[in-house]
Amino acid sequence: MTKTVVVALGGNAILTDDPTATGQQKALAKTATALISLVAAGYKVVISHGNGPQVGNLLLQQKAAASPENPEMPLDTSVAMTQGSIGYWLTQALDNELKKRGLEKPVAALLTQVIVAAEDPGFVNPTKPVGPFLTAEKAQAEMKISDAVYKEDAGRGWRKVVASPKPIGIVEAETIKALIATDTLVVAGGGGGIPVITTAAGLVGVEAVIDKDFASEKIAEIVAADELIILTGVPNVAVHFNTPEQKNLATVDIETLETYKKAGEFAPGSMLPKVEAALAFVKAQPNARAVITSLDNLDALLNEDAGTIIYGNQNLEQKSHLKDFITN
């Protein structure tokens, strides 16, 4: 039985020095080359992606053009808008790369709603900055006329902050499973998903941003993936990062990684959510594994252990290379 891999792609891998649509499409064409290598090797693949830079730019554009006749869209709708644009670019790039290699496989980008709990503590103390920087005076004025919360951000000005709740479910979970079953290359969970809560009246979008690594983990868990690959800007997770004592982690078990995490080795908002997502996945899927590495390292991972590999099974004698997950 062919195995399933969920790949979490960072938003910064899409938005490069050229922020135009053309520039981002060029970046995704390069990204697609690496991702299709997984398909060519025989895996069923689900791809999720970030959208932080893209949704930030969209919020800036809306703020600049806002008027009573052209109002700003709420954050959940803005996430959906960037899911659509990035999904379009990415599926097109994947289609083009498949054709270059003479491969035939359907590709689909799925608008994905991610369920969060209305009582999530993130809603009580919003911390995720979004949108433009404002002066203190402007931020205070905005708070007087709306329910928005603004906080000072590292001395660079004031920014709107929103909740970053943990995902508890995927509305389109069964659709994703059905697409995988038909051997479709799936793009889902873009930007951490569109945040929704369940009410008596049905699903309702909320003002929040879900971390894409946690959303990717939830998708991987729900579809019972054999591997969760979280792509970032470095080839390995490291302890004592950016010091003379820096040590890159290769194969690591849950207990060891938990010890490093408790020691504060991983920066919040950077490596910490990736480590936490990887740990959550291998705890939920003890016979699977998670990998944190760079996009450039993906080809190496196909042929040997590469990056930081976290095993759910504490007995590392039972570890397997990604290539060993293929069965004909």
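Residues numbered from 1 in each chain as written. Predicted model: local features only at pLDDT ≥ 70, side-chain atom pairs only at ≥ 80, totals over all residues. Heavy atoms only, no water.

Sorry if this is basic, but what is going on with the overall build of the protein here?
What the protein contains, in helices and strands, is nine helices and 17 strands. Its C-alpha atoms give the protein a radius of gyration of 20 Å, within 12% of the compact-globule value 20 Å for 328 residues. Projected onto its principal axes, the C-alpha coordinates of the protein cover approximately 60 × 45 × 45 Å. A buried classification covers 50% of the 328 residues belonging to the protein. For the protein, the share of sequence-separated contacts (at least 6 apart) that also reach a separation of at least 24 residues comes to 72%. By element, 53% of the accessible surface of the protein is carried by carbon and sulfur atoms, the whole surface being about 15200 Å². (Helix = DSSP H or I, 4+ residues; strand = E, 2+ residues; numbered from the N terminus. Rg over C-alpha atoms; globule rule 2.2 N^0.38 Å. Buried < 20%, exposed > 50% of the residue type's maximum accessible area, 1.4 Å probe, protein only. Contact = heavy atoms within 4.5 Å. Areas by Shrake-Rupley, 256 points an atom, 1.4 Å probe, with all protein chains shown as cover.)

I tried to follow the side chain of serine 48 on my own but got confused; where do I start?
Structurally, serine 48 is set in strand β2 (residues 44-49). Setting aside anything within four residues of it in sequence, one finds serine 48 in contact with Val7, Ala8, Leu9, Ala188, Gly189 and Ser216.

Which parts of the structure should I look at to understand the sheet that holds strand β11 (residues 202-205)?
Strand pairing within a sheet occurs via backbone hydrogen bonds; the two strands may be parallel or antiparallel. As summarised here, the arrangement of the four strands in space is β8-β4-β10-β11, forming an open sheet in which the pairing is mixed. The sheet terminates laterally at β8 (167-170) and β11, the two strands that pair on one side only. Ignoring strand direction, the axes of neighbouring strands in this sheet form an average angle of 45°. Pairing between strand β4 (residues 113-116) and β8: three bridges, direction antiparallel. Looking at β8, one finds that isoleucine 115 is bridged to glycine 169. (Pairing = 2+ DSSP bridges. Axes fitted to C-alpha atoms, helices over the stretch in contact; angles between N-to-C directions.)

Honestly, the pairing of strand β16 (residues 289-294) in this entry has me stumped. Any pointers?
Consecutive side chains along a regular strand alternate between the two faces of the sheet. Most of β16 is tucked away: six of the six residues are buried. On β16, burial covers both faces: Arg289, Val291 and Thr293 on one face and Ala290, Ile292 and Ser294 on the other are all buried.

Just checking my understanding: could you explain the sheet that holds strand β1 (residues 4-9) for this structure?
Pairing in this open sheet of eight strands is mixed, and the strands run β3-β9-β2-β1-β12-β16-β17-β15 from one edge to the other. The sheet is open, and its two edges are formed by β3 (107-109) and β15 (251-253), each paired on a single side. Neighbour-to-neighbour, the strand axes of this sheet turn through a mean angle of 20°, independent of strand direction. Sheet topology note: the β2/strand β9 (residues 185-187) ladder contains two bridges and is parallel.

Before we go on, may I ask you to explain the pattern of salt bridges in this structure?
If the charged atoms of two oppositely charged side chains come close together, the side chains can form a pair. Throughout the structure, instances matching the rule amount to 13 salt bridges. For glutamate 72, the salt bridge goes to lysine 63, with nearest N and O atoms at 3.6 Å. With relative accessibility at 36%, the residue glutamate 72 sits in the partly exposed group. Exposure remark for lysine 63: the relative accessible area of 30% places this residue in the partly exposed category. Across the pair lysine 274 and aspartate 213 runs a salt bridge whose closest N-O atoms are separated by 3.4 Å. Of the two residues, lysine 274 is situated in helix α8 (residues 272-284) and aspartate 213 in helix α6 (residues 212-222); the sequence distance between them amounts to 61 residues. The class for lysine 274 is buried, based on a relative accessible area of 12%. (Salt bridge = Lys/Arg side-chain N within 4 Å of Asp/Glu carboxyl O.)

For this particular structure, what's the right way to read unusual backbone geometry?
Excluding glycine, residues mostly have negative phi values, and the peptide bonds linking residues are mostly trans. One non-glycine residue with positive phi stands out, namely alanine 224, at about 55°. Mapped onto the elements of the fold, alanine 224 is located in the loop between α6 and β12 (227-232). At histidine 240, a residue that is not glycine, the phi angle is positive and equals roughly 55°. Tracing the sequence through the fold places histidine 240 in the loop between β13 (238-239) and β14 (247-248).

Explain the packing of aromatic side chains to me, please; I cannot follow it from the model alone.
Geometry of an aromatic ring pair is reported as the spacing of the ring centres plus the angle between the planes. Applying the stated criterion across every chain, the model contains zero aromatic pairs. Cation over ring: lysine 166 sits above phenylalanine 214, and NZ or CZ is 4.6 Å from the ring centre. (Phe/Tyr/Trp six-rings, centres within 6.5 Å; stacked < 30°, edge-to-face > 60°. Lys NZ or Arg CZ within 6 Å of the ring centre and 35° of its normal.)

Whenever I open this one, the environment of asparagine 248 confuses me. Can you help?
Locating asparagine 248 in the fold gives a position in strand β14. C-alpha separation for the pair asparagine 248 and valine 237, spaced eleven residues apart in sequence, amounts to 5.9 Å. Setting aside residues no more than four positions away along its own chain, asparagine 248 makes contact with Asn236, Val237 and Ala238. At 3.3 Å, the side chain of asparagine 248 forms a polar contact with the side chain of glutamine 246. (Polar contact = N/O pair within 3.5 Å; in protein donor to acceptor, adjacent residues only side chain to side chain.)

What is the right way to look at the packing of helix α7 (residues 254-262) against α8 in this model?
A pair of packed helices is captured by two measures, namely the crossing angle of their axes and the spacing between those axes. Close contact between α7 and α8 brings their axes to 11 Å; oriented N to C, the two are set at 150°. Of the possible angle classes, the one that applies to α7 and α8 is roughly antiparallel. Helix-helix and strand crossings are classified by hand; for α7 and α8 the assignment is left-handed. Residues Ile254, Leu257, Glu258 and Lys261 of α7 pack against Leu272, Val275, Glu276, Leu279, Val282 and Lys283 of α8. Split by residue class, the contact of α7 with α8 holds six nonpolar, no polar and four charged. (Parallel < 35°, antiparallel > 145°, perpendicular 65-115°, else oblique. Left-handed = near helix turned anticlockwise from the far one by under 90°. Nonpolar A, V, L, I, M, F, W, Y, C, P; charged D, E, K, R; others polar.)

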